[in-house]
Every structure is written in structure tokens, then in C-alpha cells.
Amino acid sequence: MSQFANWVAADVGSPYPPAPGRYHLYVSRFCPFASRAVTVRSLKGLDDVIGMSVTDPVRHESGWAFRLVPGATLDPINGWNHLAEGYEATDPDYDSRVTVPVLWDVERGEIVSNDSGDIAVMLNDVFDEWAEEPDLDMYPVELRPQIDELNDWIAEDLNKGVYRAGYARTQEAYDVAVRTVFDALDRLDAMLADSRYLLGARHTLSDWRLFPTLIRFDLVYHGHFRCNLRRIVDYPNLWPYLRDLYQTPRVAGTVDFDAIRRGYHCSESPLNAGQIVPIGPELDFLAPHDRAAIGTRS
């Protein structure tokens with residue numbers, strides 16, 4: 001569970017007012033939860049407004065580290081070696097998990113939020129004054145109830161479900177988890193039969209909550225987490241939908257396939273003691289998706 005849940009807001013007296021250059025994002029390209037924030041930042045055109053540092057995708061005993069390795073950066077803001085230093089600077093008594101993403105307040109020298117969903121909502125509109133895409137609203141007021149409902153079950157059954165399947169310690173736990181994952185995928189595939197995106201003709205935060213899990217599914221979850229009932233490429237709607245999302249301007253550059261592979265297969269984990277990184281599968285995310293003309297549900 002996220003431990004820091006403050007908000008950047010333009011309200012009078014807000015301790016975290018929006019401003020260009022004031023906030024910094026700490027992420028890992030391997031982590032699907034951090035990737036959600038990275039994608040929204042890119043879609044909104046906030047690269048010059050909110051800086052970003054990327055941890056080593058391979059997570060060792062010392063935790064998320066800043067190293068000059070492929071898929072990572074150093075930390076130019078605080079000069080940290082490990083992200084845990086930011087948690088300690090914010091709360092010296094913090095003793096829970098150190099997670100990404102983290103939205104950092106450079107001026108106050110503390111974490112604003114480490115909740116990926118909240119960070120995505122903030123990035124969607126709080127910085128519109130400086131965004132390159134201020135008119136892009138992925139959390140419109142009229143759709144918020146549907147987005148929130150979708151996000152809840154996508155998070156529980158799919159985003160977290162693949163991890164419950166991968167780290168299950170009993171056959172019973174694995175069976176329940178993996179069935180839940182594929183029930184969710186089947187439901188999503190049916191929703192996308194007559195709708196370009198999950199809620200119609202425009203992509204929303206729900207699509208970008210789903211995207212990081214889908215883009216990793218055939219690459220790592222199918223084999224590494226034993227979610228092998230079906231692949232995303234086997235779904236008639238999910239597979240072209242995934243290509244559609246990937247081909248959305250500003251999105252492909254946020255996906256680091258090498259970091260994803262190495263993060264899952266080389267991090268400290270009982271699932272792959274030999275840290276063997278598979279070379280496949282070969283997936284063509286740039287193939288035509290033919291979804292632009294699909295009708296939308298009311």
C-alpha cells in the first residue's frame with residue numbers, strides 16, 4: 001500500500017502548488033506501476049516541466065538504485081545512490097517497502113506521493129498551464145465514475161493478479177489467481193469488440209492503467225509468472241487494441257523492452273535463480289491495428 005498520499009493542487013494555501021521544475025519523478029522502466037506515470041507524463045507533454053530519474057531495472061537486495069547502466073540514470077536532483085534515501089529524508093522512521101513511482105517536491109525536499117494512480121491523476125491536469133498537450137483530458141468529469149470503477153477491478157484482478165499468480169506458493173492459490181487474470185482478460189476483450197478504447201472513442205486513464213500489464217504480458221507474465229492459458233496475441237480485440245495504444249504518439253518511447261526483461265528475470269527472485277533472460281517472443285507492435293473506425297458504445 002502507498003504510504004504517501006499528498007496532492008499537488010492549485011488551491012490557495014496548498015503546500016504543493018503546481019509549478020514547472022518544482023517536482024521530479026522517480027521511476028523504474030521495468031515496473032508496470034511506475035510506467036503508468038511515465039506514460040501519462042509523456043502523453044501530456046510534461047517532459048520539460050517535471051524531471052525524471054530512472055532506477056536500475058534490476059533490483060538487488062539494496063533496493064532501487066541509480067546506476068549508469070542501460071535503461072537507467074543517475075539522480076541529478078539529490079545525488080542519491082538509492083531511492084530509499086528519499087523515503088528516509090521524508091520520514092526518518094519509515095520502515096515499509098520502498099516503491100516506484102515517487103513524485104518528489106524539490107523545494108520542500110520530500111515525497112509528495114508514491115501512489116501511481118494518484119500521480120497519474122495529478123499529471124493529467126494539474127500542470128496544464130505548462131503542458132504541450134493541455135487539452136488532452138484522460139480523466140474527464142463525466143466519465144470519472146466509470147473510470148474509477150474500471151480502474152478498481154483492473155488493478156485488483158489484472159495489475160495485481162499476475163503477481164498473485166506468479167508468486168503463488170500453493171497450487172490452489174495459483175489456480176484461483178490465474179483464472180481471475182484470464183476472466184479479466186476475457187471480459188476486456190469482449191468490451192473492446194465494438195469500442196476502440198475501454199470507454200469509447202477516447203482513451204482515458206483506464207486504458208493507461210491497463211497498458212503496462214498488457215505490454216508485459218506475453219513478454220514476461222505468460223512464461224515467468226505462468227499465466228499461460230492464453231497470450232495477448234491470441235485475443236481478437238486485445239491484441240490490436242494493444243498495438244493501437246503502443247502506436248499512440250508519445251507512447252512507444254516510454255516502453256523499454258530490455259529493461260522489462262532484465263527487471264523481471266535478473267532481480268533478486270526465487271523464480272529465476274540463474275537470472276536467464278529470454279530472447280523472445282518476437283512481437284510486432286507496429287503492425288496495423290485497424291481500430292480507428294470501430295464504433296463506440298454509448
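Residues numbered from 1 in each chain as written. Predicted model: local features only at pLDDT ≥ 70, side-chain atom pairs only at ≥ 80, totals over all residues. Heavy atoms only, no water.

Visitor: Any chance you could explain the sheet that holds strand β1 (residues 23-27) here in plain terms?
Guide: Hydrogen bonds between backbone groups are what pair the strands of a sheet, and the pairing can be parallel or antiparallel. As summarised here, the arrangement of the four strands in space is β2-β1-β3-β4, forming an open sheet in which the pairing is mixed. Every interior strand has two partners, whereas the edge strands, β2 (51-54) and β4 (110-113), have only one. Across the sheet, the axes of successive neighbouring strands diverge by a mean angle of 35°, strand direction being ignored. Strand direction decides the pairing type here: strand β3 (residues 102-105) and β4, joined by three bridges, are antiparallel. Pairing of Asp105 across the sheet is with Glu110, part of β4. Its contacts with the sheet place helix α1 (residues 32-44) against β1 and β2, and it is angled at close to 135° to β1. (Pairing = 2+ DSSP bridges. Helix = DSSP H or I, 4+ residues; strand = E, 2+ residues; numbered from the N terminus. Axes fitted to C-alpha atoms, helices over the stretch in contact; angles between N-to-C directions. Contact = heavy atoms within 4.5 Å.)

Visitor: In this structure, what is going on with the pattern of salt bridges? I would like to understand it.
Guide: Should the charged atoms of two oppositely charged side chains come close, the side chains can pair. Under the criterion given, the structure shown has 16 salt bridges. Note that Arg108 and Glu110 form a salt bridge whose closest N and O atoms lie 2.8 Å from each other. Classification of Arg108 by relative accessible area gives partly exposed; the value is 42%. Here Glu110 falls in the buried class, since its relative accessible area comes to 18%. Asp234 is the partner of Arg231 in a salt bridge, and the nearest nitrogen-oxygen pair spans 2.7 Å. When its relative accessible area of 37% is taken as the criterion, Arg231 is described as partly exposed. Connected via shared salt-bridge partners are Arg22, Asp105 and Glu107. (Salt bridge = Lys/Arg side-chain N within 4 Å of Asp/Glu carboxyl O. Buried < 20%, exposed > 50% of the residue type's maximum accessible area, 1.4 Å probe, protein only.)

Visitor: Please clarify how the side chain of Arg36 should be interpreted in this entry.
Guide: Here Arg36 is to be found in helix α1. For the buried Arg36, no salt bridge exists, and the shortest N-O distance to an oppositely charged side chain is 6.1 Å, to Asp115. Arg36 has contacts with Ser116, Gly117, Ala120, Asn159, Trp208, Arg209 and Pro212, leaving out every residue within four places of it along the chain. (Lys, Arg positive; Asp, Glu negative; His and termini not counted.)

Visitor: Got a minute to help me understand unusual backbone geometry in this structure?
Guide: Most peptide bonds take the trans configuration, and most residues that are not glycine carry a negative phi. Omega for the bond connecting Val100 with Pro101 falls within 30 degrees of zero, at 5°, which places this linkage in the cis form. Summarising the element assignment, Pro101 is placed in the loop between α2 (84-90) and β3. Despite not being glycine, Arg250 has its phi angle at roughly 80°, a positive value. With respect to the helices and strands, Arg250 occurs in the loop between α8 (238-246) and α9 (257-266). Under the relative-accessibility criterion, Arg250 is labelled partly exposed at 34%. Backbone geometry at Asp290 places phi at a positive 55°, although glycine is not the residue there. Note that Asp290 resides in the segment after α9.

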